[in-house]
Amino acid sequence: MFDKTTYINRREKLKQKVKDGIILLPGNDHSPMNYAGNTYRFRQDSSFLYFFGLDIPGLAGIIDVNNNEDTLFGDDATLDDIVWMGPQPSLKENGEKAGIKKTFPLKELSAKLREAVSKKRAIHYLPPYRGENKILLYRLLNIPINEQKEKASAGLIKGVVSLRSIKENQEIKELERAMDTAYLMHTTAMKMARPGVFEGDIAGVIEGIALSSGTMTSFPVILTKHGETLHNHDHSNKLEKGDLLLVDAGCESPLHYATDHTRTIPVGGKFSPLQKDIYQIVLDSQIKAIQSIKPGITNLDIHIKACEVIASGLNDLGFMKGDVKQAVEQGAHALFMPHGLGHMIGLDAHDMEDLGENFVGYNNEVKRKNIFGTGNLRLAKKLQEGFVITVEPGIYIIPQLIQKWEKEKKFTEFIDYEKTKSCIGFGGIRIEDDILVTEDGCRVLGKPIPKSVEEVENIVQG
Ligand code: GLY
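To keep things clear, this report deals only with the structure shown in the data block.

Conventions we followed
Sequence order sets the numbering: in each chain, residues are counted from 1 along the sequence as written. With pLDDT at 70 or above as the cut-off, local features in this predicted model cover only qualifying residues; side-chain atom pairs require 80 or more to be listed or tallied, and sums for whole chains, interfaces and linings still use all residues. Water and hydrogen atoms were dropped before computing side-chain values, which therefore reflect all heavy atoms in the structure. Segments assigned H or I by DSSP are reported as helices when at least four residues long, segments assigned E as strands when at least two residues long, and all are numbered from the N terminus. Whether two residues are in contact is decided by their heavy atoms: any pair within 4.5 Å suffices. When we say a residue is near a molecule or strand, we mean one of its heavy atoms is within 4 Å of it. A 3.5 Å cut-off defines polar contacts: any pair of N or O atoms within that distance qualifies, except that in protein one atom must be a possible hydrogen donor and the other a possible acceptor, and neighbouring residues in sequence count only when both atoms are side-chain atoms. Here, Shrake-Rupley sampling with a 1.4 Å probe gives the accessible areas, and only protein chains in the shown set may cover a residue. Grid points spaced at 1 Å and placed over the protein atoms alone form the basis of the search, with a cavity being a set where a 1.4 Å probe fits but cannot get out and a pocket an open set showing protein on both sides within 12 Å along at least five of seven lines. Lining residues have an atom within 4 Å of a point. For a molecule to be placed in a cavity or pocket, more than half of its atoms must lie within 2 Å of the grid points of that cavity or pocket. Residues are grouped as follows: Ala, Val, Leu, Ile, Met, Phe, Trp, Tyr, Cys and Pro are nonpolar; Asp, Glu, Lys and Arg are charged; all remaining types, including Gly, are polar. Orientation is described by axes fitted as lines to C-alpha atoms, over the contacting stretch for helices, and by angles from 0 to 180 degrees between their N-to-C directions. Should an angle fall under 35 degrees it is taken as roughly parallel, and over 145 as roughly antiparallel, whereas 65 to 115 is taken as roughly perpendicular and any remaining angle as oblique. By definition, turning the near helix anticlockwise from the far helix through less than a right angle yields a left-handed crossing, and turning it clockwise yields a right-handed one. Take the number of residues in a helix, subtract one, and multiply by 1.5 Å to get its expected span. To sort residues, take the accessible area from a 1.4 Å probe on protein chains only and compare it with the maximum for the residue type: under 20% means buried, over 50% means exposed, and anything in between is partly exposed. Arc definition: it is the arc formed by the directions from the helix axis to the C-beta atoms. Strand pairing is assigned whenever DSSP detects at least two bridges linking the two strands. Grid points are joined across faces, edges and corners, and a volume is the space filled by probe spheres set on the points.

## What to know about the environment of threonine 71
Link 1 in the chain: Turning to its location among the elements, threonine 71 is positioned in strand 5 (residues 69–73).
Link 2 in the chain: C-alpha separation for the pair threonine 71 and leucine 24, spaced 47 residues apart in sequence, amounts to 9.9 Å.
Link 3 in the chain: Setting aside residues no more than four positions away along its own chain, threonine 71 makes contact with Ala60, Gly61, Ile62, Ile100, Lys102 and Phe104.

## Concerning the site of the ligand
Link 1 in the chain: All residues adjacent to the ligand are Phe219, His231, Asp248, Asp260, His343, His350, Glu392 and Glu432.
Link 2 in the chain: Note that an oxygen atom of the ligand is positioned 2.7 Å from one of the side-chain N or O atoms of histidine 350.
Link 3 in the chain: Notes on the ligand: free accessible area 200 Å², of which the protein chains cover 94%.
Link 4 in the chain: Here the ligand occupies the largest pocket.
Link 5 in the chain: Here the shell around the ligand is composed, by residue class, of one nonpolar, three polar and four charged.

## Quick look at the packing of helix 9 (residues 169–192) against helix 10 (residues 199–212)
Link 1 in the chain: Close contact between helix 9 and helix 10 brings their axes to 9 Å; oriented N to C, the two are set at 160°. Relative to helix 10, helix 9 is oriented roughly antiparallel. As helix 9 runs across helix 10, the sense of the crossing is right-handed. Taken together, the residues of helix 10 that come into contact with helix 9 (itself represented by Thr181, Leu184, Met185, Thr188, Ala189 and Met192) are Asp201, Ile202, Val205, Ile206, Ile209 and Ala210.
Link 2 in the chain: Among the residues forming the contact of helix 9 with helix 10, the class breakdown is nine nonpolar, two polar and one charged.

## Looking at helix 10
Link 1 in the chain: With 14 residues, helix 10 should reach 20 Å at 1.5 Å per residue; the first-to-last C-alpha distance of 20 Å fits that figure.
Link 2 in the chain: Within the sequence span of helix 10, burial applies to Glu199, Ile202, Ala203, Ile206, Ile209 and Ala210. Along helix 10, the residues classed as buried sweep out an arc of 120° about the axis, all on the same side.
Link 3 in the chain: Looking at the residues trailing helix 10, positive phi occurs at glycine 214, about 95°.

## Remarks on the sheet that holds strand 8 (residues 222–224)
Link 1 in the chain: Reading across the sheet, the three strands line up as 8-9-10 and stay open at both edges, with antiparallel pairing between neighbours. Strand pairing shows two members of the sheet lacking a second neighbour, strand 8 and strand 10 (261–266), which therefore form its edges. Between one strand and the next, the sheet's axes are offset by a mean angle of 10°, whatever the strand orientation.
Link 2 in the chain: In terms of strand pairing, strand 9 (residues 244–249) meets strand 10 through six bridges, oriented antiparallel. Across the sheet, alanine 249 pairs through a bridge with histidine 261, a residue of strand 10.
Link 3 in the chain: Each of strand 9 and strand 10 touches helix 9; the most contacted strand, strand 10, lies at about 15° to it.

## With respect to the sheet that holds strand 4 (residues 60–64)
Link 1 in the chain: The five strands are arranged 6-5-4-1-7 in an open sheet whose pairing can be described as mixed. Either end of the sheet is taken by a strand with one partner, and the two such strands are strand 6 (102–104) and strand 7 (123–124).
Link 2 in the chain: Here five bridges tie strand 1 (residues 22–26) to strand 4, and the two strands are oriented antiparallel to one another. Within strand 4, the position partnered with isoleucine 22 by the bridge is aspartate 64.

## So, unusual backbone geometry
Link 1 in the chain: At asparagine 68, a position not held by glycine, the phi torsion is positive, near 50°.
Link 2 in the chain: For asparagine 68, the location among the structural elements is in the loop between strand 4 and strand 5.
Link 3 in the chain: Even without being a glycine, lysine 120 presents a positive backbone phi close to 60°.
Link 4 in the chain: Looking at where lysine 120 falls in the secondary structure, it is placed in the loop between helix 5 (108–118) and strand 7.
Link 5 in the chain: By relative accessible area, lysine 120 is classed as exposed at 75%.

## Side note on the pairing of strand 1
Link 1 in the chain: The buried fraction of strand 1 is high, at five of five residues.
Link 2 in the chain: Across the two faces of strand 1 the burial is the same, with Ile22, Leu24 and Pro26 and Ile23 and Leu25 all buried.
Link 3 in the chain: As judged from the two bridges shared by strand 1 and strand 7, these two strands associate in the parallel manner. The partner of isoleucine 22 across the bridge, within strand 7, is isoleucine 123.

## Details of the environment of lysine 369
Link 1 in the chain: Topologically, lysine 369 is positioned in the loop between helix 14 (357–361) and strand 11 (388–391).
Link 2 in the chain: Put simply, lysine 369 and leucine 300 are 69 residues apart on the chain and 9.6 Å apart in space, counted from C-alpha to C-alpha.
Link 3 in the chain: Discounting chain neighbours no more than four positions away, the residues touching lysine 369 are Leu300, Thr374 and Gly375.

## What to know about empty space enclosed by the protein
Link 1 in the chain: For the structure shown, the criterion picks out two cavities of 30 Å³ or more.
Link 2 in the chain: Estimates place the volume of the largest cavity at around 150 Å³.
Link 3 in the chain: Lining the largest cavity are 15 residues, and of these Pro26, Asp45, Leu126, Pro127 and Pro128 lie nearest its centre.
Link 4 in the chain: Mapped onto the lining of the largest cavity, the elements with two or more residues apiece are strand 1 and helix 6 (131–141).
Link 5 in the chain: At three residues, strand 1 tops the list of elements feeding residues into the lining of the largest cavity.

## Examining helix 1 (residues 4–18)
Link 1 in the chain: The first and last C-alpha atoms of helix 1 sit 21 Å apart over 15 residues, in line with the 21 Å expected at 1.5 Å per residue.
Link 2 in the chain: Within helix 1 the residues assigned to the buried category are Thr6, Tyr7, Arg10, Arg11, Leu14, Lys15 and Val18.
Link 3 in the chain: Downstream of helix 1 by one or two residues, lysine 19 has phi in the positive range, about 75°.

## Thoughts on the layout of surface pockets
Link 1 in the chain: When its volume is computed, the largest pocket comes out at roughly 1,000 Å³.
Link 2 in the chain: Forming the boundary of the largest pocket are 38 residues, of which Ser218, Phe219, Pro220, Ala349 and His350 lie nearest the centre.
Link 3 in the chain: Across the lining of the largest pocket, the residue classes break down as twelve nonpolar, 13 polar and 13 charged.
Link 4 in the chain: Put simply, the second largest pocket is a space of about 520 Å³.
Link 5 in the chain: Along its surface, the second largest pocket is lined by 18 residues, and Ile56, Pro57, Asp75, Asp81 and Met85 are the ones closest to its centre.
Link 6 in the chain: At the level of elements, helix 3 (79–85) and helix 4 (91–97) are the ones that each hand at least two residues to the lining of the second largest pocket.
Link 7 in the chain: When the residues that make up the lining of the second largest pocket are grouped by side-chain class, the tally is eight nonpolar, six polar and four charged.

Just distances and angles here, no functional claims.
Now the structure itself:
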C-alpha cells in the first residue's frame, strides 16, 4: 500500500466534501465459489482500497465527519486461522498502516451504527454490488436490499468520484507499473496467433503472464475470432489463416490499478486487403481521438470525432453513404460501432462503475444521449488533468443487428445493406490504449504495444 499519509489525506478530503454525518465503507470479504472454504480469489473493494489501502478481507471503515474520527472494524486472526493461513498482522497493526488509531472488533460495528441512527445522524454508504455486503447493509441499517441502491448517498458518491477521478502521481506510476505486463500479454498473443492454435491456448498463456507477475487480470480476458461479439469470453475456437483475432485484456498492478488494451491480429501474419482497409479506419479514428484529448474538451465531442472518422472511412469503402456528420448525429454509424469510445480507468477497469455510470461519466453540463451507440458512451463529460481514460474505437459486422436494421429499413439513406451483408463473417476490429490527460494534452501510458498494420504483421510473422 502507499504511505499512510496518502490514506489520511484522502479521508480528510472526503470529509470536506461530505460535510456531515458518518461514512460507512465496508471492505469485501471472501466470496465462496462452491462452498464456504473454497473461495474466488480475494479482490478488495476499490473505494475501501482507495481510502484505507488494506488489501485484507473482513474489514469495515467508518469515517465520522463531524467528530473527525476514523475507525477500523475487523477481527484479529484466531489460532485456528493461523494454523491454516499462517501468522497475520493484528487489526491494530493494520490500522496503523492506514493511519488509524481506533480499531474495534467487527461485532461492534452494529452498535456504533445503531447509536448513530438513534441520534438521527446521516449515514452515508455507496451502492453495494456484492451479495455479502448487501446482506451486511441490511443487517446494519435495516435497508431492504432492493432499496439500497436508490438510498445510497449521492453526496458520498459525488465526493468519491471527484477524488478518485484525478489520479495522483503515485497512482499514475502504479498504472504504468502494470503496463509492462500488459505489453507482454499482448505481444505474446500476437506471436502465438498462428493457424491451428486454439483461442484458449493463447488466453491461458496471457492470463498466466498476469498471474506470474504476482497479480491477476483486470477483467476476464476477451480473446476471440468472433470479435463482433463485444465481450466474447468463449475461447473454444481453432484459429485459421485469414481470421482476425481480437484480444481485449489487461492486468492489475500489485496495488490493483488496472490496464485495459485491445489489439486485433491477423492470424498467420497478413491482413487481407479488406481487413487492412478497415483496420486502418479504426486506427485513424483512434489516433484522431487521442490527438484531440486535452482538459476542457468533452469526451462526447471526442467520441463524435472518432465516429465521424469511422463513418467517413466506411463511406469511402461503400458500406455507408450520405453526409457523414448527419449520419453520426442520427446514430447510423452505430451499426458498425455500437459502443462508446471509452471509460475511466484506475482501481477498476471501468473505474467506479459500481458507483453509477451517470455519476462518473456525466453531469449537469453533459447529459446522456438517448440513442443507440452514442447512448452507450460511459464517459461523456469534460476531461480534466489527471483523468486516465481508454480510447477504444471499433468496427464490427454483427449479423443479427444488420438483419434487424435492414428489416426495419433503418437509415437506408446512410447504409448500403447489400455491401454490408457481403461481409458477414468478417468479425470485428477494436484498438484500445490507456491515456493520461495532462495539463495541455495527453500521454499514452506504457510501452507502446504494436498497432500499425506493419508493426502488427511483423510481430505476428516473427
Ligand atoms: N476492455 C473491456 C471493457 O472495456 O469493457
